[in-house]
Amino acid sequence: MNPDASTIAAGAPIEVDLSPVAEGQDIKVFWRGKPIYISHRTKKQIDEARGVNVASLPDPETDEARVKSGHDQWLVVIGICTHLGCIPIAHEGNYDGFFCPCHGSQYDSSGRIRQGPAPANLPVPPYQFVSDTKIQIG
Amino acid sequence: MSGPSDYQPSNPALQWIERRLPIFGLMHSSFVAYPTPRNLNYWWTFGAILSFMLGIQILTGVILAMHYTPHADLAFKSVELIVRDVNYGWLLRNMHAVGASMFFVAVYVHMFRGLYYGSYKEPREVLWILGVIIYLLMMATGFMGYVLPWGQMSFWGATVITNLFSAIPYFGESIVTLLWGGYSVGNPTLNRFFSLHYLLPFLIAGVVVLHVWALHVAGQNNPDGVEPKSEKDTVLFTPHATIKDMFGVACFMLLYAWFIFYMPNYLGDADNYIPANPGVTPPHIVPEWYYLPFYAILRSIPNKLAGVIAMFGAIIILCFLPWLDAAKTKSSKYRPLAKQFFWIFVVVCILLGYLGAQPPEGIYVVAGRVLTVCYFAYFLIVLPLLSRIEKPRPVPNSISDAVLAKTGSRSTPMVSTAIVLALAGSLFAGSVDSAKASEGSDQPPGNKWSFSGPFGKFDRGALQRGLKVYKEVCASCHGLSYVAFRNLAEPGGPGYSVAQAAAFASEYKLKDGPNDAGDMFERAGRPADYFPSPFPNEQAARAANGGAAPPDLSLITKARSYKRGFPWFVFDFFSQYQEQGPDYVSAVLQGFDDHVPEGVTIPEGSYYNKYFPGHAIKMPKPLSDGQVTYDDGSPATVAQYAKDVTTFLMWTAEPHMEARKRLGFQVFVFLILFAGLMYFTKKKVWADSH
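With an unreviewed UniProt entry as reference, chain B is termed Cytochrome b, source organism Bradyrhizobium nanningense. Recorded in UniProt for chain B, the comment headed Subcellular location (unreviewed entry) runs: "Membrane". Note on chain B: under the UniProt heading Sequence similarities (unreviewed entry), the record states "Belongs to the cytochrome b family."

Below, the structure written as structure tokens:
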């Protein structure tokens, strides 16, 4: 009952052009049926994500480890709440990040869980920068 | 199922079969000559009611499966086509959907009955555990069935429930992938759920056979909890129990028919009339009502894995009940303390169910935790403790003694009176609260609709005027894709003739093809065509309307609702109020206001609407006085337009509503006569057994 060949083939990597995404904006693309949030973070959001004491987080992880160095303004996360799989809403909640409407989990501008029942940070999908304005997810 | 039978059929052909396969003897000893305790009360008819419901579900389900398409792109539409086009498809679908709820109503009564009268105790442990297995299978079947219509609640319910398994350490993620057959809930998930939803009821039927077998070996428990000792303690299954069960089933069918014909959507969720959309989570995901207590337990525990364990534990713990409660006295009738704790437990379960439907915030979370502790305390602390410290009242010597003494009959009404009083009190307290809350809030005002109530009919004039408003105003942005032109001439609709509907259709230009040359071409509409949508796809609709796609209006009056809250939803059951959708639609159409109240900010490109959730709506004020000319002299006002177009949209959402209510009345007349007949037959059969 594992995924069949066509499902796996449809899950091949996709390329996303980042040039139209302005600072402070974010886009949602679908890869393998999952929504991927790509946020062009503002300076303020980056500073907030880096200013927090990592050890105090429920799922400790530095912001640097969650983005590609040299592309610090781009946050790419799978937009599926780690609690029970709802889709969090971007730019909501108390942490300038994501807010899940189902059971009230809140994520910060690095997609890390800060409050609510979710056990883990929003996962970062495998991706790399093909050029400065284009990424390949998968 | 209770040993070899000496039954011999009189017909020689049947004798011939009986010698080779003693099936008539088996049937005779199981369902005719089988001795059943003579003091059983009506709570014992729920076994027969459950068998009846299982039969109904399998029968309607098999027919529905003939018309259903298990594909993510087609499932939602195929369910709508069942309701609209299949002969009596609306009846089949309502029977099946409401039937699932009724099945759970009956199983909960059946389980509480077992709990109260100690039916899980020696020698009926296996019987009880088989029952818990049936209950688990029912939950799985019900859940997967709810996914099949592929609406928003189907999709997100499936997402939340399958994600429960990701809490399992190490194997969680692979189990979830296995359930999905992909990387997220999608078409493969729908296909396997359909397959399993078809399979599980037959497994249930198999376990039911074991359950009945175990029952017929151990014999039925009874309200006094003493085993039958002599022939005086029992009566024959047929006719005594059979006729009593028939009366029970007839009464239950009255409740069932009330839902099927008058409140088919009362137990469902309006969001499930919106097709599944993997990109949008509904603001508030609620499972079907029968899972709510367990959902409340899941949510009240802040740790994910612990929450999942507690939720499943709440069901599995039932398997251990025979050993947790070691009291020798079976029936709570003779256990003064156990009886009180039982009723407290019932209240705890109902309150947990209520909390499961509330948003997980503030006082609800705290209350959920307290009640979760109460739930488990009942099994793990109260029952083991009671069996050691409680001093039960003496049980009667035999069932016939109990029947002659009739001691229990006085205390039972007292308990039920107390419950009724408590319920009435809480209803009253709740109504005072809601009355306060509704002041100054933005609840849509109630309207008087021609189609409400048990004899409601569509106002033909309003339908025709509403169609005109739709065509001249709404149709520029909103589709009506489930409605065909031929529907305009069908009984129960706007009352056009077939020729009029054909003429109406021919005014539309539709794309068809490819022709012999391989080109697409335009042609005039035919009655079989569906209303064309104004945009070729959702993206185009979104792009043309500032990012918010105008929803299709075919189902809008069923897909929109607003929170009624306690106690209104209780009153709604009796008053048959189910016009939340029309009330909301008509309120939104009239709720536009250029003057934005203080404290509300409306973003650029949106408009203020008093009744739209969040108040910022992308749709500009659609209707203004005099915009549409009526030929029949009705006032050309926004209020009249809103009323007409809402009536029209109620018809598009449920074109067979008049047939539903008409048939409902006939069924009720029949059922009341049937139940009366059964009651008096039962009285006659039991005349010399009391």
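Once you've had a look at it, read on.
Colleague: Sorry, what's going on with the overall build of chain B here?
Modeller: Scanning chain B from N- to C-terminus turns up 25 helices and 6 strands. Taken over the C-alpha trace, chain B has a radius of gyration of 29 Å; the compact-globule value for 690 residues is 26 Å, and the two agree within 12%. With respect to the principal axes defined by its C-alpha atoms, chain B has extents near 85 × 70 × 55 Å. Each of the 690 residues in chain B was classed as buried or not, and the buried ones make up 49%. A separation threshold of at least 6 residues defines the contact pool for chain B, and within that pool the share at least 24 residues apart is 76%. Counting every atom, chain B has about 32,800 Å² of accessible surface; 67% of that belongs to carbon and sulfur. Counting 53 positive and 48 negative side-chain charges, chain B places the centres of these two groups 10 Å from one another.

Colleague: Would you explain the overall build of chain A in this entry?
Modeller: Along chain A, the regular secondary structure elements total 3 helices and 10 strands. Listed N to C, the secondary structure of chain A is α-β-β-β-α-α-β-β-β-β-β-β-β in terms of helices and strands. The C-alpha radius of gyration computed for chain A amounts to 15 Å, which stays within 12% of the reference 14 Å derived for 138 residues, consistent with globular compactness. Along the three orthogonal principal directions, the C-alpha set of chain A runs to about 45 × 35 × 25 Å. Here chain A holds 138 residues, and 46% of them are scored as buried. Within chain A, residue pairs in contact and separated by at least 24 positions form 51% of the contacts whose partners lie at least 6 positions apart. Carbon and sulfur atoms make up 52% of the accessible area of chain A, which totals about 6,100 Å². Between the mean site of the 12 positive side-chain charges and the mean site of the 16 negative ones, chain A shows a separation of 2 Å.

Colleague: What is the right way to look at the nonpolar core in this model?
Modeller: Among soluble globular proteins, nonpolar side chains are generally buried collectively. All names here are of chain B. Ranked by internal contacts, the top residues of the largest apolar core, which has 126 residues, are Tyr135, Phe294, Tyr375 and Phe379. At 15 residues, helix α5 (residues 89-116) tops the list of elements feeding residues into this core. Split by domain, this core shows at least three residues from each of two domains, domain 2 (34-275) and domain 3 (316-400). Apart from the residues lying within four places of it in its own chain, the contact partners of Phe294 are Tyr108, Tyr135, Met139, Met311, Ala314, Ile315 and Tyr375. With 42 residues, the next largest nonpolar core counts Phe531, Leu589, Tyr630 and Leu649 among its residues.

Colleague: Could you clarify how one ought to interpret the domain arrangement of chain B in this entry?
Modeller: Often the size quoted for an interface is simply the accessible area lost on bringing the parts together. All names here are of chain B. Here the domain parsing of chain B yields domain 1 (1-31), domain 2 (34-275), domain 3 (316-400) and domain 4 (460-663). One C-alpha centre belongs to domain 2, the other to domain 3; they are set 24 Å apart. Facing 29 residues of domain 2, the contacting portion of domain 3 comprises 28 residues. Roughly 2,400 Å² of surface becomes buried between domain 2 and domain 3 when both sides are summed, with 68% attributable to carbon and sulfur atoms. Ranking the residues of domain 2 by area buried against domain 3 places Tyr116, Lys121 and Asp224 at the top, with a combined share of 28%. Counting across the interface, domain 2 meets domain 3 through 3 salt bridges. For the salt bridge of Lys121 with Asp325, the shortest nitrogen-to-oxygen distance reads 3.1 Å. Remark: the boundary between domain 2 and domain 3 carries 12 residue pairs in polar contact (both at pLDDT 80 or more). Only α5 and α6 (125-147) provide two or more residues apiece to the side of domain 2 that touches domain 3. In terms of residue count, α6 provides more of the side of domain 2 that touches domain 3 than any other element does, 5 residues in total.

Colleague: Looking at this structure, I do not really get the side chain of B:Arg335. What am I missing?
Modeller: Mapped onto the fold, B:Arg335 is located in the loop between α13 (321-324) and α14 (336-356). When neighbours within four sequence positions are excluded, B:Arg335 is seen to be in contact with B:Lys121, B:Asp325, B:Ala327, B:Thr329, B:Leu386, B:Ser387, B:Glu390 and B:Pro392.

Colleague: Would you take a moment to explain the UniProt feature "domain: Cytochrome c" (unreviewed entry) in chain B for this structure?
Modeller: The positions that UniProt labels "domain: Cytochrome c" (unreviewed entry) are, in the present scheme, residues 461-593 of chain B. Secondary structure across residues 461-593 of chain B divides into 38% helix and 6% strand, with the first and last C-alpha atoms of the span separated by 29 Å.

Colleague: Quick question: what am I supposed to make of the packing of aromatic side chains here?
Modeller: Residue and element names in this part refer to chain B. Per the stated rule, a full pass over the model turns up 63 aromatic pairs over all chains. Residues Tyr116 and Trp343 carry aromatic rings whose centres are separated by 6.3 Å and whose planes lie at 55° to one another, so their mutual orientation is tilted. Of this pair, Tyr116 sits in helix α5 while Trp343 sits in helix α14; the two residues are 227 residues apart in sequence, bridging distant segments of the chain. The class for Tyr116 is buried, based on a relative accessible area of 12%. Among the residues examined, Trp343 registers a relative accessible area of 31% and is labelled partly exposed. The structure contains a cluster of three or more aromatic residues connected by ring pairs, namely Trp44, Phe112, Tyr116, Tyr117, Phe342, Trp343, Phe345, Tyr375, Phe376, Tyr378 and Phe379. One cation-aromatic arrangement involves Lys77 over Tyr530; the distance from NZ or CZ to the ring centre is 5.1 Å. Across from the ring centre of Tyr630, 5.7 Å away, lies the NZ or CZ of Arg465, which sits over that ring.

Colleague: Looking at this structure, how should I read the packing of α5(B) against α6(B)?
Modeller: Helices that pack against each other are described as a pair by the angle of their axes relative to one another and the distance between those axes. Residues and elements named next belong to chain B. At their nearest, the axes of α5 and α6 sit 12 Å apart, and the two run at 155° to each other. Compared by their axis directions, α5 and α6 come out roughly antiparallel. Judged by the twist between their axes, the crossing of α5 over α6 is left-handed. Here Phe103, Phe104, Val107, Tyr108, Met111, Gly114 and Leu115 of α5 come into contact with α6, specifically with Trp128, Tyr135, Met138 and Met139. A per-class count over the contact of α5 with α6 returns 10 nonpolar, 1 polar and no charged.

Colleague: Just checking my understanding: could you explain the interface of chain A and chain B for this structure?
Modeller: Chain A puts 22 residues into the contact, and the matching count from chain B is 25 residues. Here chain A meets chain B over a buried area of about 2,000 Å², counting both sides, of which 63% is carbon and sulfur. Broken down residue by residue, the surface that chain A buries against chain B is led by A:Met1, A:Leu84 and A:His103, which jointly contribute 30%. Taken together, the links from chain A to chain B amount to 0 salt bridges. Linking chain A to chain B there are 7 residue pairs in polar contact (both at pLDDT 80 or more). Contributions of two or more residues to the side of chain A that touches chain B are made by α1 (5-10) and β2 (26-31) of chain A.

Colleague: Just checking my understanding: could you explain the sheet that holds strand β3 (residues 34-40) of chain A for this structure?
Modeller: Whether parallel or antiparallel, the strands of a sheet pair through hydrogen bonds between backbone atoms. Residue and element names in this part refer to chain A. Pairing is antiparallel across the open sheet formed by 3 strands, whose spatial order is β2-β3-β4. At either margin of the open sheet sits one strand with a lone partner, and together these are β2 and β4 (74-78). Between one strand and the next, the sheet's axes are offset by a mean angle of 20°, whatever the strand orientation. Sheet analysis places β2 next to β3, joined by 6 bridges and oriented antiparallel. Residue pairing in the sheet places Ile27 in a bridge with Ile38 of β3.

Reading the values: rules and limits
- Residues numbered from 1 in each chain as written.
- Chains lettered and ligands numbered in written order.
- Predicted model: local features only at pLDDT ≥ 70, side-chain atom pairs only at ≥ 80, totals over all residues.
- Heavy atoms only, no water.
- UniProt positions renumbered as here; feature names shortened; annotations may be inferred.
- Helix = DSSP H or I, 4+ residues; strand = E, 2+ residues; numbered from the N terminus.
- Rg over C-alpha atoms; globule rule 2.2 N^0.38 Å.
- Buried < 20%, exposed > 50% of the residue type's maximum accessible area, 1.4 Å probe, protein only.
- Contact = heavy atoms within 4.5 Å.
- Areas by Shrake-Rupley, 256 points an atom, 1.4 Å probe, with all protein chains shown as cover.
- Lys, Arg positive; Asp, Glu negative; His and termini not counted.
- Charge placed at Lys NZ, Arg CZ, Asp CG, Glu CD.
- Core = buried A, V, L, I, M, F, W, Y, C linked by side-chain atoms within 4.5 Å.
- Domains from an automatic or database assignment.
- Buried area = accessible area lost by both parts, 1.4 Å probe.
- Salt bridge = Lys/Arg side-chain N within 4 Å of Asp/Glu carboxyl O.
- Polar contact = N/O pair within 3.5 Å; in protein donor to acceptor, adjacent residues only side chain to side chain.
- Phe/Tyr/Trp six-rings, centres within 6.5 Å; stacked < 30°, edge-to-face > 60°.
- Lys NZ or Arg CZ within 6 Å of the ring centre and 35° of its normal.
- Axes fitted to C-alpha atoms, helices over the stretch in contact; angles between N-to-C directions.
- Parallel < 35°, antiparallel > 145°, perpendicular 65-115°, else oblique.
- Left-handed = near helix turned anticlockwise from the far one by under 90°.
- Nonpolar A, V, L, I, M, F, W, Y, C, P; charged D, E, K, R; others polar.
- Pairing = 2+ DSSP bridges.

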